[in-house]
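Okay, here's what each chain looks like letter by letter:
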Amino acid sequence: PTQPFKTLSSSRRNQLKLAQTRDSMKGAIALLLLGVAASSPVPQPQLGALKSLLESLSGDDKPGEVNGDYQQVPYETIQKFTDYEERKYPSVKWACTEATYEMEAEDEDGDDSEEFSIMRMMQMMTNKKSWKKKPENQMFMKLFRYISGVNKERQEIEMTVPVLSRMTPTEDGKMNKQMCFYLTKEAQKNPPQPEDPDVKIEENKEMVVFVKQFGGYAMRDAVWVKEAFKFGEELAADRADEVEFGRYYTAGYDSPMKFWNRRNEVMFLKKEGATDATQTNV
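Residues numbered from 1 in each chain as written. Predicted model: local features only at pLDDT ≥ 70, side-chain atom pairs only at ≥ 80, totals over all residues. Heavy atoms only, no water.

Caption draft 1: The nonpolar core, seen in detail. In this structure, W94, Y146 and M267 are the most contacted members of the largest nonpolar core, which totals 33 residues. At the level of secondary structure, the elements contributing two or more residues to this core comprise β4 (93–102), α5 (135–147), β6 (163–169), β7 (174–182), β9 (207–214), β10 (243–252) and β11 (264–270). In terms of residue count, the dominant contributor to this core is α5 (five residues). Beyond its immediate chain neighbours, meaning those up to four positions away, W94 contacts V73, P162, L164, C180, F181, Y182, L183, K200, I201, E202 and N204. (Core = buried A, V, L, I, M, F, W, Y, C linked by side-chain atoms within 4.5 Å. Buried < 20%, exposed > 50% of the residue type's maximum accessible area, 1.4 Å probe, protein only. Helix = DSSP H or I, 4+ residues; strand = E, 2+ residues; numbered from the N terminus. Contact = heavy atoms within 4.5 Å.)

Caption draft 2: Quick look at the packing of aromatic side chains. In this structure the tally under the stated criterion is eleven aromatic pairs. Centroid distance F140 to F181: 5.2 Å. Interplanar angle 65°. Geometry classified as edge-to-face. Taken as a pair, F140 in helix α5 and F181 in strand β7 lie far apart in primary sequence, 41 residues in all. Taking relative accessible area as the criterion, F140 reaches 25% and is therefore assigned partly exposed. Classification of F181 as buried rests on a relative accessible area of 2%. With 5.9 Å between their ring centres and 45° between their planes, Y248 and F268 make a pair best called tilted. With Y248 in strand β10 and F268 in strand β11, this residue pair connects regions lying 20 residues apart in the sequence. We classify Y248 as buried; its relative accessible area is 6%. (Phe/Tyr/Trp six-rings, centres within 6.5 Å; stacked < 30°, edge-to-face > 60°.)

Caption draft 3: Fine view of the state of the cysteines. Scanning the entire structure with this criterion turns up one disulfide. Across the disulfide from C96 sits C180; the S-S distance is 2.1 Å. Of note, the bridge from C96 to C180 carries an S-S torsion of about 110° and is right-handed in sense. Pair noted here: C96 is in strand β4 and C180 is in strand β7, with a separation of 84 residues, a long-range link. (Disulfide = S-S within 2.5 Å.)

Caption draft 4: A look at the environment of F181. With 21 residues separating them in the primary sequence, F181 and T160 have C-alpha atoms 6.8 Å apart. If we ignore the near neighbours within four places in the chain, the residues touching F181 are W94, A95, F140, L143, F144, I147, M159, T160 and V163.

Caption draft 5: Local environment of the confidence of the model for the protein chain. Taken as a whole, the protein chain shows an average pLDDT of 78; of its residues, 62% reach a score of 70 or greater. In this model, residues 36–40 is a region of pLDDT below 50 whose contacts with residues beyond four sequence positions or in other chains number seven contacts. In this model, residues 274–278 is a region of pLDDT below 50 whose contacts with residues beyond four sequence positions or in other chains number 16 contacts. (pLDDT = per-residue confidence, 0-100.)

Caption draft 6: Fine view of unusual backbone geometry. With an omega of 0°, the peptide bond between V161 and P162 qualifies as cis. By the element assignment, P162 lies in the loop between β5 (160–161) and β6. Within the chain, R154 stands out as a residue other than glycine whose phi angle is a positive 55°. Within the secondary structure, R154 sits in the loop between α5 and β5.

Caption draft 7: Structural context of the pattern of salt bridges. As enumerated under the stated definition, the model contains 15 salt bridges in all. Ionic pairing is found between R154 and E195, a salt bridge with its closest N-O pair at 2.9 Å. With R154 in the loop between α5 and β5 and E195 in the loop between α6 (185–188) and β8 (200–204), this pair connects stretches of sequence that are 41 residues apart. Overlapping salt bridges bring together E85, R87, R263 and E265 as one network. (Salt bridge = Lys/Arg side-chain N within 4 Å of Asp/Glu carboxyl O.)

Caption draft 8: A look at the pairing of β8. In terms of burial, β8 is largely enclosed, as four of its five residues are buried. In terms of strand pairing, β4 meets β8 through four bridges, oriented antiparallel. By the bridge assignment, A95 is partnered in β8 with I201. (Pairing = 2+ DSSP bridges.)

Structural data, given as structure tokens:
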């Protein structure tokens, strides 16, 4: 009997093989993540949020689409250029934490392909001790515990996008990072107060930024630094007098469970009225 797969064109067979490979990889990483979570004690207030997070993280949406029903920080696109855009963000409240730490040495092995970044991500996540010790992951978990109900009011807040980080390289080669979760519309007026002294409620001033989007995994500072450097060079050539180059912002929209068509953004502040984009709102 004729085998249906053989009747397909070569290009279609390749597409099916790629889809099967992606599905297999998704299953393997999903099992890996669940295994890591199962082997680690998770405080009771976080269990429901963790379950919801895992249920809504997989998918192959087009770049720019947000998986699940996450609320997204509002912004207005002022102007689009060839490969970046200018946006205005309103004043809104965030849950933030801050740390200064030594930068990791950049790994020169491999390439910048999406497939290689997925394999690198899998390797990083299988080394649980190394994964947990990374400053960015410790910061993320502080914020995730806060929205999961580990706050003074024991109030849970839905996960939102993006995870926004302010990155400020220091003169001694370290990185000062402020990582923030946008608080939902329901929590904006009266957000629950953090229990962890390292978590603060912040309200940004209205700010105008230049934004460039890129794909792949951006789970390491070295990736953000590389993309910010490239974008900074582009802005320096186009509009050097308009941009604050001393710091930049990163925005991640996808969880590790989304493997393709990921959305990452790097931003530089426009100088006018943007000397400092955040202020404590106690």
